[in-house]
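A look at the structure
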Amino acid sequence: MRGSTGGDSLDAVLARGLEEGVYPGAAAAVGTADGIDAVGVVGERDPERGAAMTRETIFDGASLTKPVVTATTALSLVESGAITLSDELRRHVPSLDGYRRGDVRLLELLTHSSGFQPYSFAESWESPSDVLAGLRNRSILEAEPGSRNEYSCLNFVHLAEALRGATDRSLGELAERHVFGPAGMETSRLGPLEDVSNVAATYDREYRGRILRGEVHDPLGWAMNGQSGNAGLFTTVDDLAAFARAYLAADGTLLSSATVERLQDDWVPDLDTRHSLGWRLADGTYPAPNWSRVGLGHTGYTGTSLWLDHARDRFAVLLTNQVYDGKDTGLIRFRERFHAMVAAGRFD
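Note that the structure is a prediction, hence the values are computed from the model and not measured. (Residues numbered from 1 in each chain as written. Predicted model: local features only at pLDDT ≥ 70, side-chain atom pairs only at ≥ 80, totals over all residues. Heavy atoms only, no water.)

Some remarks on the overall build of the protein
Here is the rule we go by: Labels follow the DSSP assignment, with helices taken as runs of H or I lasting at least four residues and strands as runs of E lasting at least two, numbered in each case from the N terminus. For every residue, the accessible area (1.4 Å probe, protein chains only) is compared with the maximum for its type, and the residue is labelled buried under 20%, exposed over 50%, or partly exposed between those bounds. Contacts between residues were defined by any pair of non-hydrogen atoms, one from each residue, lying within 4.5 Å. A 1.4 Å probe and the Shrake-Rupley method give the accessible areas. Residues count as covered only by the protein chains that appear here. Only four residue types enter the charge count, namely Lys and Arg as positive and Asp and Glu as negative; His and the chain termini do not. Working definition for charges: the position is that of NZ of Lys, CZ of Arg, CG of Asp or CD of Glu.
Broken down by element type, the protein carries 11 helices and 12 strands. When the backbone C-alpha atoms are referred to their principal axes, the protein occupies close to 60 × 45 × 35 Å. Looking at the 348 residues of the protein, the share that counts as buried comes to 59%. Contacts in the protein between residues far apart in sequence, at least 24 positions, make up 64% of those at least 6 positions apart. Of the roughly 13,500 Å² that the protein leaves accessible, carbon and sulfur atoms contribute 43%. Treating the 34 positive side-chain charges of the protein as one cloud and the 49 negative ones as another, the clouds have centres 2 Å apart.

This is the structure:
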């Protein structure tokens, strides 16, 4: 960071990102399985109203929903014997019997190797049934399952549908039972939110053309009332820190130590991009070169990210409302700088 000597506090680093126009506001936490080492909060949660960001501000986590809620729930259901990774979609979603996508395995959804196109949405879709029927009527399978790695929100929309089919429970109920409750994530839930008094506002320029407060920013998540599986999580910096600590501890609070150990493997070794089950693996400069290659992480469209490194017992949560100002503000580079400093122990 310009002018940084490497000894800045977490608050100072976040403030520099604010000065550079990377985001209107941010909250971050770094720590280990034993606890939080540092927390920082800067800027505004709602620029139009001049409302300050606080440690308790609730963020739209966007695609953090994928690993935190949907993948963790799926793996917990694997451990309980309710599903297997080799299950085909049609087993849990009978309406896909006769469709080619019915052959896709849950493993391929979790590793983004299903062959699905990256995204699909129609403005006429206004309910969960609209979305699911609309997707069934579209040709979204672009490649043979297992033949390529292509990040797609549709993988987790279908995975969530499979989890509902396997358990006869909503994704919100499953999240509370398998994630929020065990990890002690007291504020987290799937949107939309009723109480928006301390929510980080986002701005939807593509579909709704307005500020969003407590509404799911992602169009599929919005249409499916937060139950889409690819987005919909609303959470705080402390809740994600609690989640990260539980994952690092690998003591059975969320998942068994054996499952967490296998999550650090590349599950698609024959494909171009290394990937775990619902998590991206650290590679190259992502999140930064001083993170181990078994590090697990994910980002969210709204400007959120979470990274875990079991080999070095560290986590980094960075929550922003960057999307309020658009996507070309330099957040990708800021994240790399932030994570490099976390890995170097600058905020211990």
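Text resumes after the structure shown.
A few points about the nonpolar core
The criterion, for reference: Buried residues of nine kinds, namely Ala, Val, Leu, Ile, Met, Phe, Trp, Tyr and Cys, make up a nonpolar core once their side-chain atoms join them within 4.5 Å.
Grouped together as the largest cluster of nonpolar side chains are 72 residues, with contacts concentrated most on Val-68, Leu-89, Phe-243 and Leu-306. Here this core gets eight residues from one element, more than from any other, and that element is helix H9 (residues 237-249). Here Val-68 is in contact with Val-179, Met-185, Leu-233, Leu-240, Phe-243 and Leu-306, once residues within four sequence places are set aside. Counting residues in hydrophobic clusters, the runner-up holds 23 residues, among them Val-22, Ala-26, Leu-318 and Val-342.

Observations regarding the sheet that holds strand S10 (residues 296-300)
To keep it simple, the criterion reads: Note on pairing: DSSP must find at least two bridges between two strands before they are called paired. In this analysis an axis means a line fitted to C-alpha atoms, helices contributing only their contacting stretch, and an angle means the value between N-to-C directions, from 0 to 180 degrees.
One open sheet holds the seven strands; their spatial order is S3-S2-S1-S12-S11-S10-S9, and the pairing between them is antiparallel. Only two strands of the sheet have a single neighbouring strand rather than two, namely strand S3 (51-52) and strand S9 (280-281). Summarising the sheet, strand S1 (residues 25-32) and strand S2 (residues 35-46) pair through eight bridges and their orientation is antiparallel. From the neighbouring strand, Gly-31 faces S2, where its bridge partner is Ile-36. Packed on one face of the sheet, H9 meets S1, S2, strand S11 (304-309) and strand S12 (314-320) and runs near 155° to S12.

Observations concerning the side chain of Thr-57
Convention followed: Any N or O atom pair separated by 3.5 Å or less is treated as a polar contact, with the protein-specific requirement of one donor-capable and one acceptor-capable atom, and with residues adjacent in sequence counted only for side-chain atom pairs.
Structurally, the position occupied by Thr-57 is in the loop between S3 and strand S4 (59-62). Residue Thr-57 is classed as buried on the basis of its relative accessible area of 0%. A polar atom in the side chain of Thr-57 sits 2.9 Å from the backbone nitrogen of Thr-54. A distance of 2.9 Å separates the side chain of Thr-57 from the side chain of Asn-198, its partner in a polar contact. The contact partners of Thr-57, leaving out residues within four places of it in the chain, are Arg-45, Asn-198, Val-199, Ala-200, Thr-235 and Thr-236.

Points about the pairing of S10
Of all the five residues making up S10, five are buried; the element is thus mostly covered by neighbouring parts of the structure. Here S10 shows no split at all, with Leu-296, His-298 and Gly-300 on one side and Gly-297 and Thr-299 on the other all buried. Here S10 pairs with S11 via five bridges, running antiparallel. Its bridge partner being in S11, Gly-300 is matched across the sheet by Thr-304. Between S10 and S11, which pair antiparallel in sequence order, lie three residues; one of them, Gly-303, sits at a positive phi of approximately 120°.

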